Amino acid sequence: MPITRGQLARPAKATIWPTPALAGKPGRKLRNIPQQAGDHSSVVARRDRHTMKQIPKVHSLTGRIDLWLMIESFKAVKRNRGAAGVDKVSIDMFEANRDENLIALMRDLKTGKLKPRPLRRAYVPKDPDRKKFRPLGIPVVRDRVAQEVLRRLLAPIFEPTFHEASFGYIPKRNCHQAIERVLTFHHRGFRVVLDADIQAFFDNIPFRVIMAALAEKVADGNILRLVEKFLSAGVMENGVFKPTTVGTPQGGVFSPLLANIVLNRLDWELDAAGYVFARYADDFVILCRTHKQAQEARTFVKRVLEDLGLTLSPQKTKITTYGKGYEFLGFFLSSRSRRMRDSSVRKFKDRIRGLTVRKHNLDQYAIEKLNQVIRGTALFFAASFATNRWMFQKLDSWTRMRLRCMKLKRKNYNDNRRLRVAHFRRKLGLLTLEEFCTQRDRHGIARRVTPRRGATSVGVAR
């Protein structure tokens, strides 16, 4: 059944739903001193009593599902690419009969007859040493499109209520903003850090907590039942079906949104208690002025997470200082430097090693693949606040050494004269990490640096 132009017309104007008033007065002073347990409970109860009850629940989300939303959701799934699920149907195979598949899926979503397929279990290494692995659940393409539809319906309702200190998987927020917020408060005197991490967060979120958080603002029973179906779809691992009774799968399209909805309660209770923090998904830090306040913050977080059925990871949660340094979102932050953490350096080197095997030929394809890795690493770690320039110089030198070995089939220091730095940039077009670094001029404007004794896009730096 072909889709006509009129069916694809985008709605003229979406309904804007009211959002809850945020707790606390704007511009209030952050004392970072938690209140007593009794006082805190009364604050949260008072906030809930005066704000939450004033929020009308959202009805009839099912009526907003139309062909335009289905096609836009499929385009988003296609952009993210991804492997096939248990049915082995790829995105290209699904797209071959896109119109028919989307119309059938839209009908199942509207009637509530959709039956999600089990997830395909896959494991990815958590560290460069490949000693720990993170379990992923890969849905089939049809279910990914359905989850994207649900995500687009739920996101406008919940995202305006998220705390300003939450930066994970929220439009126009990113890791760099989270780190900049942390550094700002470090300069204001918050030098003690509670580096917290929730143990197996995505695998341990109770279904009841997720559904209760959704039901606070959504009254469409069909949408709630669809979400519950996806959560309890189960996984297929080595041909064996395993039911799921807890957690939201890593790899699901709407899993990050559900995680933020659950942890939004933690954010606002920390805010009501006067804490300064920054959170990215399940990884967050609380900034304090003294070690005593950090200890109280740890106790406070444990109590809030217990109500959500979660716990802190004892191995990853610790109290440290900005002077000693700590790891956060891929960086090692301290009063002396803001550089790549050691595991990120090892991961970068492992990727370069995989592309510069000595028995392979050094050709333009190899340079293009290397440039992809270098560009991706530099765009993340060459932030304006980072101090990675010296480390980038060493990594660039190490990468060129690997290429010399690949070209000449040996490792010899004298080969530096045969293949000089300018040759890699001028003849081969190799990028460098250092050329992505920035520094502020006397007017405060961030500009790209000129690599020292290295090749640039216009020549060789002297």
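Just above sits the structure.
Numbering of residues begins from 1 in every chain and follows the order in which that chain's sequence is written. With the structure being a predicted model, the display of local features is reserved for residues of pLDDT at least 70 and the display and counting of side-chain atom pairs for 80 or more, all residues being used for whole-chain, interface and lining totals. Heavy atoms throughout the structure, all of them, feed into the side-chain values; hydrogens and water do not.

Chemist: Please clarify how the overall build of the chain should be interpreted in this entry.
Modeler: Across its full length, the chain carries 16 helices and 13 strands. Among the 462 residues that make up the chain, the fraction classed as buried is 49%. A separation threshold of at least 6 residues defines the contact pool for the chain, and within that pool the share at least 24 residues apart is 73%. Here the chain displays about 24,300 Å² of accessible surface, and carbon together with sulfur accounts for 50% of that area. Strands are runs of DSSP state E lasting at least 2 residues, helices are runs of H or I lasting at least 4, and numbering of each runs from the N terminus. Note on exposure labels: buried denotes an accessible area under 20% of the residue type's maximum, exposed denotes more than 50%, and partly exposed covers the range between, all computed with a 1.4 Å probe on protein chains only. Contacts between residues were defined by any pair of non-hydrogen atoms, one from each residue, lying within 4.5 Å. Each accessible area value is a Shrake-Rupley result obtained with a 1.4 Å probe; residue values ignore everything except the protein chains displayed when judging cover.

Chemist: Please clarify how the sheet that holds strand β11 (residues 338–340) should be interpreted in this entry.
Modeler: Sheet strands line up and pair through hydrogen bonds in the backbone, either parallel or antiparallel. The criterion for strand pairing is that DSSP finds at least two bridges linking the strands in question. Strands sit in the order β9-β10-β11 across an open sheet of 3 strands; the sheet is antiparallel. Two strands bound the open sheet, and with one partner strand each, they are β9 (326–328) and β11. Averaged over all adjacent pairs, the angle separating strand axes in this sheet is 35 degrees, with direction ignored. Here 3 bridges tie strand β10 (residues 331–333) to β11, and the two strands are oriented antiparallel to one another. Bridge pairing in β11 places L333 opposite R338. Axis lines are fitted through C-alpha atoms, for helices just across the contact stretch, and the angle between N-to-C directions can take any value from 0 to 180 degrees.

Chemist: Help me understand the pattern of salt bridges, please; the structure alone is not making it clear to me.
Modeler: It is possible for side chains of opposite charge to pair when their charged atoms get near one another. A side-chain nitrogen of Lys or Arg and a carboxyl oxygen of Asp or Glu constitute a salt bridge if their distance falls within 4 Å. Inspection of the entire model under this criterion finds 16 salt bridges. Between R265 and E269 there is a salt bridge whose closest N-O contact spans 3.0 Å. Within this pair, R265 and its partner E269 are both found in helix α10 (residues 255–272), separated by 4 residues, close to a single helical turn. By relative accessible area, E269 is classed as buried at 6%. Here E435 makes a salt bridge to R425, at a shortest N to O gap of 3.7 Å. With E435 in the loop between α16 (421–426) and β12 (438–440) and R425 in helix α16, the pair connects residues that are 10 residues apart, well separated along the chain. Through salt bridges with shared partners, one network takes in E148, R151 and R152.

Nothing here speaks to function; it is all geometry.
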